[in-house]
Amino acid sequence: MTSLWERLTEGDRNAGKPLSARRIAETAVAVADVDGLDAITMRRLATELGVAPMAAYRHVASKDEVLELMVDLVYGEVEYAAGDGWRATLRELATALQALILRHPWLTRLTAPELVYELTPNRMALTEHALTALHDDLGLDLDTAMAAARTVFAYVQGATGAEIGLRALMDDRGWTTGAQARTGLSTQMTWLLGTGRYPTFQRYVHEARRKDDLRWQFDTGLEQVLNGIEARR
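Overview of the structure.

Reading the values: the criteria
Numbers given to residues run from 1 along each chain, matching the order in which its sequence is written. Reporting in this predicted model follows two pLDDT cut-offs: at least 70 for local features of residues, and 80 or more for side-chain atom pairs to be given and counted; totals over whole chains, interfaces and linings ignore these cut-offs and use all residues. Excluding hydrogens and water, the side-chain values take into account all heavy atoms of the structure. For Phe, Tyr and Trp, where Trp contributes only its six-membered ring, two rings pair if their centres lie within 6.5 Å, and the inter-plane angle classes them as stacked under 30 degrees, edge-to-face over 60, or tilted in between. Runs of H or I in DSSP of at least four residues are treated as helices and runs of E of at least two as strands, each being numbered from the N terminus. Each residue is assigned to one of three classes by its accessible area relative to the maximum for its type, calculated with a 1.4 Å probe on protein chains only: buried under 20%, partly exposed between the two thresholds, exposed over 50%. Geometrically, a lysine NZ or arginine CZ counts as sitting over a ring once it is within 6 Å of the ring centre and also within 35 degrees of the ring normal. Each patch groups residues whose relative accessible area exceeds 30% and which form no salt bridge, using 9 Å between like charges and 5 Å between nonpolar side chains of Val, Leu, Ile, Met, Phe, Trp and Tyr. For accessible areas, the Shrake-Rupley method is used with a probe of radius 1.4 Å. Any residue's cover is judged against the shown protein chains and nothing else. The salt bridge definition used is simple: a Lys or Arg side-chain nitrogen within 4 Å of an Asp or Glu carboxyl oxygen. Multiplying 1.5 Å by the helix residue count minus one yields the expected span of that helix. Throughout, the arc means the angular range of directions from the helix axis out to the C-beta atoms. Contact definition: two residues touch when any of their heavy atoms are within 4.5 Å. A fitted line through C-alpha atoms serves as each axis, taken over the contacting stretch for helices, and the angle formed by two N-to-C directions is quoted from 0 to 180°. Orientation categories follow fixed angle ranges, with anything under 35 degrees roughly parallel, anything over 145 roughly antiparallel, 65 to 115 roughly perpendicular, and all other angles oblique. The hand of a helix crossing depends on one turn: near helix anticlockwise from the far one by less than a right angle means left-handed, and clockwise means right-handed. For this classification, Asp, Glu, Lys and Arg are treated as charged, while Ala, Val, Leu, Ile, Met, Phe, Trp, Tyr, Cys and Pro are nonpolar and the rest, including Gly, are polar.

**Re the packing of aromatic side chains**
When we look at a pair of aromatic rings, we describe it by the centre distance and by the angle of the planes. Taken as a whole and judged by the stated rule, the model has two aromatic pairs. Plain terms: the ring middles of Tyr155 and Phe218 are 5.5 Å apart, the flat faces sit at 35° to each other, and that makes the pair tilted. Residue Tyr155 is located in helix 8 (residues 142-173), and its partner Phe218 is located in helix 12 (residues 214-232); the two are separated by 63 residues in the primary sequence. Given a relative accessible area of 19%, Tyr155 falls into the buried group. On the basis of relative accessibility, which here comes to 3%, the residue Phe218 falls in the buried class. The ring of Phe153 has Arg123 lying over it, and the distance from NZ or CZ to the ring centre is 5.2 Å. The cationic tip of Lys211 hangs over the ring face of Tyr204; the distance from NZ or CZ to the ring centre is 5.8 Å.

If you want it as structure tokens, here you go:
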């Protein structure tokens, strides 16, 4: 069976026409950015594009292929600046990936088949860039380099997904600051801390000064991941 990317190798000859693989992807991304992944249906895309419901199937075989196109399109936004060494390269990639996910929160909802979504030209370019830095610059063997690259990507996905989730909760409850969120959750928190089972967490609640500094939290966690990779060398 011919893959989507093999079919598109020669380019989308209909790119300038009302319907093309790229136009479908651009439209799907625009819909998902506003209404989420659940809004992506072939019928919705046909309506947005102003074509018959079956017309899109001349370019994509299924919704899964639409998702592949969407992933590839947005990963094309990542810029690959020349980092000064492996650490700077991985830090820049992680920061760029975080920004990408924040622009397109639906990326955190892609669950299956995840390996297919990784096998797009622009998605693989990100992995290639990380592997090259870890293998060529740091000197890790390829197995360890891939494990390290996936660890960095997993950290970014997890940390950014948590931030997106927090934003969604705050928007839903009408909270605009971290202080308002903590006040809103104080009933649960007070009871849990009152059990005496979480003394260190209680100290964090009362003593921590960067609870709302999401930039610092992300950067600090990333540095810990990079420190661990360096120690593995």
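Resuming the write-up.
**Observations concerning a nonpolar patch on the surface**
A grouping of Met189, Trp191, Leu192, Tyr198, Phe201 and Tyr204 is seen on the molecular surface, where their side chains present a nonpolar patch of about 600 Å² in accessible area. At the level of elements, helix 10 (186-194) and helix 11 (199-207) are the ones that each hand at least two residues to the nonpolar patch. One can find Tyr204 in helix 11.

**What to know about the pattern of salt bridges**
Under the definition given, this model contains 14 salt bridges. The closest approach of N and O atoms between Arg44 and Glu48, which form a salt bridge, is 2.9 Å. Separated by four residues within a single helix, Arg44 and Glu48 lie in helix 3 (residues 42-49), roughly one turn from each other. A residue is classified by how much of its surface remains accessible, and Arg44, at 27% relative accessible area, is partly exposed. Its salt-bridge partner being Glu77, residue Arg103 comes within 2.8 Å of it at the nearest N-O pair. Taken together, the residues span a long stretch of sequence, with Arg103 in helix 5 (residues 86-103) and Glu77 in the loop between helix 4 (63-75) and helix 5 at a distance of 26 residues. Take Arg103: its relative accessible area is 42%, and that puts it in the partly exposed class.

**Observations regarding the environment of Arg109**
Relative to the helices and strands, Arg109 resides in the loop between helix 5 and helix 6 (114-118). Overall, the relative accessible area of 46% leaves Arg109 in the partly exposed class. Taking the C-alpha atoms as reference, Arg109 lies 7.4 Å from Leu37; in sequence the two are 72 residues apart.

**Topic: helix 12**
Here helix 12 contains 19 residues, and its C-alpha end-to-end distance of 28 Å stays within 8% of the 27 Å for a straight helix at 1.5 Å per residue. Among the residues making up helix 12, those that are buried are Phe218, Gly221, Leu222, Val225, Leu226 and Ile229. The buried residues of helix 12 occupy an angular sector of 140° when the element is viewed end-on, so they sit on one face. Facing away from the buried side of helix 12 by over 90 degrees, the exposed positions are Gln224 and Ala231. Elements that come into contact with the buried residues of helix 12 comprise helix 5, helix 7 (121-137) and helix 8.

**Some details on the packing of helix 7 against helix 8**
At a minimum axis separation of 9 Å, helix 7 and helix 8 run at an interaxial angle of 125°. Considering the angle they form, helix 7 stands oblique to helix 8. The hand of the helix 7/helix 8 crossing is right-handed. Within the contact between the two elements, helix 7 uses Arg123, Leu126, Thr127, Ala130, Leu131, Leu134 and His135 and helix 8 uses Leu142, Ala145, Met146, Ala148, Ala149 and Phe153. Looking at the contact of helix 7 with helix 8, its residues break down into ten nonpolar, two polar and one charged.

**Some words on the side chain of Thr120**
Residue placement: Thr120 occurs in the loop between helix 6 and helix 7. Classification of Thr120 by relative accessible area gives buried; the value is 1%.

**Comments concerning the environment of Ala231**
Of note, Ala231 is situated in helix 12. On the basis of relative accessible area, Ala231 is assigned to the exposed category, the value being 64%. Placed 166 residues apart in sequence, Ala231 and Glu65 show a C-alpha to C-alpha distance of 40 Å.

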